[in-house]
Amino acid sequence: MIRVLSSGISTTIQDLGRFGYRKYGVPLAGSMDQASAIQANLILRNDRNLAVLEMLVKGPQIHFEEACWVCITGATILATCDGTSVPMFKPFYVEANQQFNLGRITEGRYSYMAVKGGILSEEVMGSLSHSNGITAIHSIQKDTRIEHRSTQLRQDLLPLKDQFLSGHVKSNDFSGTIILVEKGPEFDALSLENQKTLLTTSFQISNESNRMGYRLESAVELSAKEIITSPVQPGTVQMTSSGQLIVLMRDAQTTGGYARVLQLSARSVNGISQKVVGEPIKFRFT
Amino acid sequence: MDKGLHNVNINCDLGEGLENDSDLMPYLHSCNIACGGHYGDAESMHASVKLALRFNVKVGAHPSFPDRENFGRKSMEISLDELKSSIRKQINDFDVVCKSLSVKMHHIKLHGALYNVAAKDEAVAQMVVYVLEDFPEVKLYAPHNSALARCAESKLEVCYEAFIDRFYEDDLSLVHRSKSNAVIESPKDSWAQLNAMLKTNSVTSIHGITIPIQADTFCVHGDNEYALSILNFIDQQLSVLSPMTQPYGDSGVLLSWPKEIRPEIYNIVRSADSLIQNVLKNEIIETVITYQSLVVYLKLGVDRSEVLNTIRGLDLTAVDNQKSESFQWEIPVCYASKFGSDLNELSKEINLTEKEIIALHSSKAYGVYFIGFLPGFLYLGGLPKEIHHPRKAIPSLTVPSGAVGIGGEQTGIYPMESPGGWNIIGQTPVKLFNVEASPPISIQAGDKVLFIPIDEETYYQIALEVAENQYSLTKTKLI
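Counting restarts for each chain, with residues numbered from 1 along the sequence as it is written. Ligands are numbered from 1 and chains lettered from A, in the order in which they are written. Restriction of local features to residues with pLDDT of at least 70 applies here, the model being predicted, together with a cutoff of 80 or more for giving and counting side-chain atom pairs; totals for whole chains, interfaces and linings are based on all residues. As a convention, hydrogens and water are excluded, and side-chain values are obtained from all of the structure's heavy atoms.

### Focus on the overall build of chain B
- For helices the rule is a DSSP run of H or I covering at least 4 residues; for strands it is a run of E covering at least 2, with both sets numbered from the N terminus onward. A count of helices and strands for chain B gives 13 helices and 23 strands.
- This radius of gyration counts C-alpha atoms alone. The globule rule is 2.2 Å times how many residues there are, raised to the power 0.38. What you see for chain B is a C-alpha radius of gyration of 30 Å, clearly larger than the 23 Å of a compact globule of 479 residues, by over 25%.
- Counting only C-alpha atoms and orienting by the principal axes, one finds that chain B spans roughly 100 × 45 × 45 Å.
- Only protein chains enter the accessibility calculation, which uses a 1.4 Å probe; a residue whose area is less than 20% of its type maximum is buried, one above 50% is exposed, and one in between is partly exposed. Out of the 479 residues belonging to chain B, those deemed buried represent 52%.
- Residue contacts are defined here by distance: any two heavy atoms, one from each residue, within 4.5 Å place the two residues in contact. When contacts within chain B are restricted to residue pairs at least 6 apart in sequence, long-range pairs at least 24 apart make up 66% of them.
- Of the roughly 21600 Å² that chain B leaves accessible, carbon and sulfur atoms contribute 49%.
- The convention is simple: Lys and Arg are positive, Asp and Glu are negative, and His and the chain ends are not counted. The location of each charge is read from NZ of Lys, CZ of Arg, CG of Asp or CD of Glu. Where the 41 positive side-chain charges of chain B centre and where its 60 negative ones centre are 1 Å apart. The protein chains shown are the only cover counted for residues, whose accessible areas, like all others here, come from Shrake-Rupley with a 1.4 Å probe.

### A short note on the interface of chain A and chain B
- Between chain A and chain B, the residue contacts involve 34 residues of the former and 36 residues of the latter.
- Buried surface at the junction of chain A and chain B, both sides included, amounts to about 2800 Å², of which 58% is carbon and sulfur.
- For any pair of parts, buried area is found by adding up, for both, the accessible area (1.4 Å probe) each one loses once the two are put together. Among the residues of chain A in contact with chain B, Tyr-24, Ile-228 and Pro-231 of chain A are the three that bury the most area, contributing 23% of the side total.
- What counts as a salt bridge is simple: a side-chain nitrogen of Lys or Arg found within 4 Å of a carboxyl oxygen of Asp or Glu. The tally of links between chain A and chain B comes to two salt bridges.
- Note that Arg-304 of chain B is salt-bridged to Glu-182 of chain A, the shortest N-O span being 2.5 Å.
- Between N or O atoms, a polar contact is any pair within 3.5 Å; within protein, one atom must be a potential hydrogen donor and the other a potential acceptor, and residues adjacent in sequence are included only when both atoms are from side chains. Between chain A and chain B we count 12 residue pairs in polar contact (both at pLDDT 80 or more) in total.
- Elements with a minimum of two residues in the side of chain A that touches chain B: β14 (230-231), β18 (259-264) and α4 (266-273) of chain A.
- Of the residues belonging to the side of chain A that touches chain B, the class tally is 14 nonpolar, 13 polar and seven charged. Throughout, the ten residues Ala, Val, Leu, Ile, Met, Phe, Trp, Tyr, Cys and Pro are labelled nonpolar, Asp, Glu, Lys and Arg are labelled charged, and all others, Gly among them, are labelled polar.

### A short note on the pairing of strand β4 (residues 61-64) of chain A
All names here are of chain A.
- If DSSP finds at least two bridges between two strands, the strands pair. Examined bridge by bridge, strand β1 (residues 2-6) and β4 share four bridges and lie antiparallel to one another. Of the residues in β4, the one forming a bridge with Ile-2 is Phe-64.
- Direction of pairing for β4 relative to strand β8 (residues 99-115): antiparallel, over a ladder of three bridges. Looking at the pairing, His-63 lines up with Gln-99 of β8.

### Description of the packing of aromatic side chains
- Centres within 6.5 Å are what make two rings of Phe, Tyr or Trp a pair, Trp counting through its six-membered ring; a difference in plane orientation under 30 degrees is then read as stacked, over 60 as edge-to-face, and the rest as tilted. As enumerated under the stated definition, the model contains 22 aromatic pairs over all chains in all.
- Relative to Trp-329 of chain B, the ring of Phe-327 of chain B has its centre 6.2 Å away and its plane inclined at 65°; by these criteria the two rings are edge-to-face.
- In this structure Phe-327 of chain B comes out as buried when scored by relative accessible area, which is 17%.
- Ring pairs connect the aromatic residues Tyr-266, Tyr-291, Tyr-369, Phe-370, Phe-373, Phe-377, Tyr-379, Tyr-414 and Trp-422 of chain B, which therefore count as one cluster.
- To sit over a ring, a charge needs its Lys NZ or Arg CZ within 6 Å of the ring centre and within 35 degrees of the ring normal. A cation over a ring is seen here: Arg-22 of chain A above Tyr-297 of chain B, with NZ or CZ 3.6 Å from the ring centre.
- Seen from the ring of Phe-327 of chain B, Lys-475 of chain B lies directly overhead, with NZ or CZ sitting 4.2 Å from the centre.

### Here we look at the nonpolar core
All names here are of chain B.
- Throughout, nonpolar core names a set of buried Ala, Val, Leu, Ile, Met, Phe, Trp, Tyr and Cys residues whose side chains join them through atoms within 4.5 Å. Of all hydrophobic cores here, the largest spans 72 residues; its most connected members are Leu-378, Ile-443 and Phe-451.
- If you tally residues by element for this core, the top one is helix α9 (residues 263-279), at six residues.
- In terms of nonpolar packing, the next biggest core, distinct from the first, is built from 71 residues, Ile-10, Ile-108, Val-128 and Val-129 among them.

### Looking at the sheet that holds strand β2 (residues 30-34) of chain B
Residue and element names in this part refer to chain B.
- Read around the barrel, seven strands follow the order β1-β2-β3-β4-β5-β6-β9 and close on themselves; strand pairing throughout is parallel. Along the sheet, successive strands turn relative to each other by an average axial angle of 35°, direction set aside.
- Where strand β6 (residues 158-163) lies against strand β9 (residues 217-221), three bridges are found, and the strand directions are parallel. From the neighbouring strand, Phe-163 faces β9, where its bridge partner is Cys-219.
- Interaxial angles span 0 to 180 degrees and are taken between N-to-C directions of axes, which are lines fitted to C-alpha atoms, for helices over the stretch in contact. Across the sheet, helix α3 (residues 80-100) is in contact with β2, β3 (58-62) and β4 (105-109); its angle to β3 comes to roughly 155°.

### Here we look at the packing of helix α7 (residues 187-200) of chain B against helix α8 (residues 227-241) of chain B
Residue and element names in this part refer to chain B.
- In the contact formed by α7 and α8, the axes pass within 9 Å of each other and the chain directions differ by 45°. Viewed along their axes, α7 and α8 adopt a mutual orientation that is oblique. The handedness of the crossing between α7 and α8 comes out as right-handed. Contacts between α7 and α8 involve Pro-187, Lys-188, Ser-190, Trp-191, Leu-194 and Leu-198 from the first element and Ser-229, Ile-230, Phe-233, Ile-234, Gln-237, Leu-238 and Leu-241 from the second. When describing relative orientation, an angle under 35 degrees is termed roughly parallel and one over 145 degrees roughly antiparallel, while 65 to 115 degrees is termed roughly perpendicular and anything else oblique. The hand of a helix crossing depends on one turn: near helix anticlockwise from the far one by less than a right angle means left-handed, and clockwise means right-handed.

### Quick notes on the pairing of strand β13 (residues 293-298) of chain B
Residues and elements named next belong to chain B.
- Within β13, six of the six residues are buried, which leaves it mostly tucked inside the rest of the structure.
- Neither face of β13 is exposed, since Ser-293, Val-295 and Tyr-297 on one face and Leu-294, Val-296 and Leu-298 on the opposite face are all buried.
- Pairing of strand β11 (residues 252-256) with β13 involves five bridges; the strand directions are antiparallel. The residue of β13 that forms the bridge with Leu-255 is Leu-294.

### Details of the sheet that holds strand β15 (residues 236-239) of chain A
Residues and elements named next belong to chain A.
- Around the barrel, seven strands lie side by side as β11-β18-β15-β16-β13-β12-β19; this closed barrel has mixed pairing. Pairwise comparison of adjacent strand axes, ignoring direction, gives a mean angle of 40° for this sheet.
- Sheet contacts for helix α3 (residues 192-200): β12 (203-209), β15, β16 (245-248), β18 and β19 (280-285); angle to β19, the most-contacted strand, approximately 120°.

Note that all results are geometric; they support no functional claim without further evidence.
This is how it looks when you write it as structure tokens:
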């Protein structure tokens, strides 16, 4: 059991998503940067789909009631365990009754903390991912009690720890500005000028960005006709009639009425998820 | 994405001095460009290749008897050697133009009389293949079972060609242009010929005999006065029958039908959905349908281009008559002003009394097209025209759970509290979406929904029953 002493800005429990229910309008949900979430699990020799904690801007303060192995990946976060700094991308052994302070995120947007054996939470429609309107709670609050699978003995991962200490795990470089895309279903319907603008302009991540979608800002003028409501998915780039670009993310609705001008690959969705407000990006065809 | 008409590979003879080339381009997969034999020079080839490039249409050389006077349409007294060097020059000239524009020559198709001669005359066919062997990456368009195709098969990649706008003789040669019934001018008849070739691999000759035919690519003549209307008509027919298919995300494949909200189209989408789910059940995670599209989400590691090929090979035209069981649901709605917060404003804007709006809204059952936008949000079709109304310019920050609204030509129910731009005219006390139920919503795509007006007292009575899990919706089976 983990007790939450303070919630952080927006801390949620996420696995890789809620599949099979999109025909009922249920969003996929799941970790924003799936590569980092999977990495945290794999470092702990967990199944890749086990639920992890996802943290935004500033993480929570948590109290571990039992000893366990944890691993932090994704955006760079200042983490301490009873005052000692906790390295990222490595298995870390927490003793019973130690306190974790997951502080500010200094580089990137979403950090992940996996626990050996996996974090447990209410399973709804085959997934533990927090989701508005689907799970009873949508984020971790102060005093929430987070359950995780049974305590692991310290020896379990000790050899692994040394292995990772040798430092061969790749870290978190989210600095690239190029986002690889394919044509969206309505790309060809855009004017040639708009097509060109889309692929040459440097856009910035707007502050109106969340798990549903990232809005993009730029000085350029774009516009696209609305469409008959059609399927959308994470990575779909919508263009509204007034030219607003929205990159749909993991909590996106399942259908939408704006032109779908570009489509990010799953990898690009992971990449863009780590972009913070004001960061520039450019779209390029794969 | 495969280009051309809905994956039907259509080619056209262009660059022959006519003005409609750019109108035809959007319908084509490839075009055959006159390269100096019957028409054209470096300049015209350059213009045509550039135009094709703009429309992403593949280009091929269209060599002919060197006979501009007769537009290459008469068989010519010419020695085999002379003809060989002329064809070689025509192809080379075309290749030079392609290279100058960094475009690949995709294919070669003979023109007019030469096409017909090489289809029958072994010597001419062998000579043509001999010339083409210098271009090993270039495909050859030739009629199936023709002398030319037979000679080429072991040496070149051959695309079998058939004609959409020419009548056939019993031996699969084209009715000679000197006859009055050589060219098909009616879009309807052209479509009938193409449709038969696609569906049954056969064509009906002018003598009414059904003859088997194989074709990978289909030709419409650019100089057929009706080429554009033929292509346009074929486009319309094909789009209802066969969807556009394209990759959509790493693990998605999208099928799109004509951009219309129409029961006929929607029924085809639903049938396609159940067929694809059946055929690809091991590859699919889930599918989502909307009015005129279907997205197929694939399991990790499934190759989407393989799935695209499988789907393109399916006959998605047959509407499934054995529909799954469907129901009509009665949903109680209170239209009192405390629930229908926009009813008063709407009444002024569309010039109907509130009573009239309520009567119209509850007058008929609406078809459930699909669920999207929010968990359990039903997209309903069939709203009476009189009460169509655009979404609000500024969406409300909170629309309560159960709110019934009008957005454009649709009506719907908010399954949970959410921001929303629809005009709210009432509210249902019933909870349509329940995460603990399986499926989470009982109303399914293909069902119908009828709104039953209730007063405030009944609203609270039902709300109480809902809270105590004592309420269930009235439903009747649809035949």
